[in-house]
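Structural features, examined
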Amino acid sequence: QVQLVESGGGLVQAGGSLRLSCAAFGSILSMNAMGWYRQAPGKQRELVAVITSGGTTNIADSVKGRFTISRGNAKNTVHLQMNSLKPEDTAVYYCNADVIPGTVPHGMTYWGKGTLVTVSS
């Protein structure tokens, strides 16, 4: 019943910025972590950034210093601020959440449908 809704993807020129947002909806008892993964053409899905319930963040080396992840003001939301974008950042970005839903007594992983980020040179 938990759904992740992503927004903010689009087309930008190299050096530009985008801000991705993800909001989790549904019956959520507890949120363990939320983050972003991406899958570029011809490549495997990779972790971009994640933030845990304790506030710990993990950022991929490829985007460190350019991307930041943060919790949103609204409950169960997360933002990915992407600056100094490069063509190699082009990918479908997927929101991910590790959640303890209100409907089942154990943790589950949920994925958003993805939002496309295209960076032109």
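Before reading further, recall that the structure is shown in the block above.
The rules behind the values
Starting from 1, residues in each chain are numbered consecutively following that chain's sequence as written. Reporting in this predicted model follows two pLDDT cut-offs: at least 70 for local features of residues, and 80 or more for side-chain atom pairs to be given and counted; totals over whole chains, interfaces and linings ignore these cut-offs and use all residues. As a rule here, side-chain values come from all non-hydrogen atoms in the structure, and water together with hydrogens is ignored. The rule is short: rings of Phe, Tyr and Trp, with Trp giving its six-membered ring, pair when the centres are within 6.5 Å, and they are stacked under 30 degrees, edge-to-face over 60, tilted in between. Elements are defined by DSSP. Helices are runs of H or I of four residues or more, strands are runs of E of two residues or more, and each kind is numbered from the N terminus. Only Lys NZ and Arg CZ are tested; either one counts as a charge over a ring when it is within 6 Å of the ring centre and within 35 degrees of the ring normal. When a carboxyl oxygen of Asp or Glu is within 4 Å of a side-chain nitrogen of Lys or Arg, the pair counts as a salt bridge. Relative accessibility decides the category of a residue: with a 1.4 Å probe and only protein chains considered, values under 20% of the type maximum give buried, values over 50% give exposed, and everything between is partly exposed. Polar contact criterion, stated in full: a pair of N or O atoms within 3.5 Å, where within protein one must be able to donate a hydrogen and the other to accept it, and residues adjacent in sequence count only if both atoms are side-chain atoms. In what follows, a contact means two residues having at least one pair of non-hydrogen atoms within 4.5 Å. Each pair of strands is called paired provided DSSP finds at least two bridges between the two strands. The axes are straight lines fitted to the C-alpha atoms, using for helices just the contacting stretch, and the angles between their N-to-C directions are given from 0 to 180°.

A few points about the packing of aromatic side chains
Taken as a whole and assessed by the stated rule, the structure comprises 1 aromatic pair. Plain terms: the ring middles of Tyr37 and Trp111 are 5.0 Å apart, the flat faces sit at 65 degrees to each other, and that makes the pair edge-to-face. Here the residue Tyr37 occupies a position in strand E4 (residues 28-39), and Trp111 occupies one in strand E10 (residues 108-111), the gap between them amounting to 74 residues. Directly above the ring of Tyr94 sits Arg45, whose terminal nitrogen or CZ lies 3.9 Å from the centroid. Sitting over the face of the ring of Trp111, Arg45 holds its NZ or CZ atom 4.7 Å from the ring centroid.

Describing the pattern of salt bridges
For the coordinates displayed, the defined rule picks out 3 salt bridges. A salt bridge links Glu46 to Arg38; its shortest N-O distance comes to 2.8 Å. By relative accessible area, Glu46 is classed as partly exposed at 35%. The buried category is assigned to Arg38, whose relative accessible area is 6%. Note that Arg38 is salt-bridged to Asp89, the shortest N-O span being 3.0 Å. Taken together, the positions of Arg38 in strand E4 and Asp89 in the loop between strand E8 (77-82) and strand E9 (91-101) put the pair 51 residues apart, joining distant regions of the chain. By relative accessible area, Asp89 is classed as buried at 1%. The network of salt bridges with shared partners includes Arg38, Glu46, Arg66 and Asp89.

Concerning the side chain of Asn96
You can see Asn96 is positioned in strand E9. Among the polar contacts made by the side chain of Asn96, one reaches the main-chain carbonyl oxygen of Tyr110 at a distance of 3.4 Å. Look past the residues within four positions of Asn96 in its chain and what remains in contact with it is Leu4, Ala33, Met34, Gly35, Tyr37, Thr109, Tyr110 and Trp111.

Notes on the sheet that holds strand E7 (residues 67-71)
The strand order E1-E3-E8-E7 describes an open sheet built from 4 strands, whose pairing is antiparallel. Of all the strands in the sheet, just strand E1 (3-7) and E7 have a single pairing partner and so form its edges. Averaged over all adjacent pairs, the angle separating strand axes in this sheet is 15 degrees, with direction ignored. Both E1 and strand E3 (residues 18-25) contribute to a ladder of 5 bridges, which runs antiparallel. When the bridges of E3 are listed, Glu6 appears paired with Cys22.

As for unusual backbone geometry
Of note in this structure, Asn76 is not a glycine but carries a positive phi near 60 degrees. You can see Asn76 is positioned in the loop between E7 and E8. Even without being glycine, Ser84 reaches a positive phi, approximately 50 degrees. A residue is classified by how much of its surface remains accessible, and Ser84, at 42% relative accessible area, is partly exposed.

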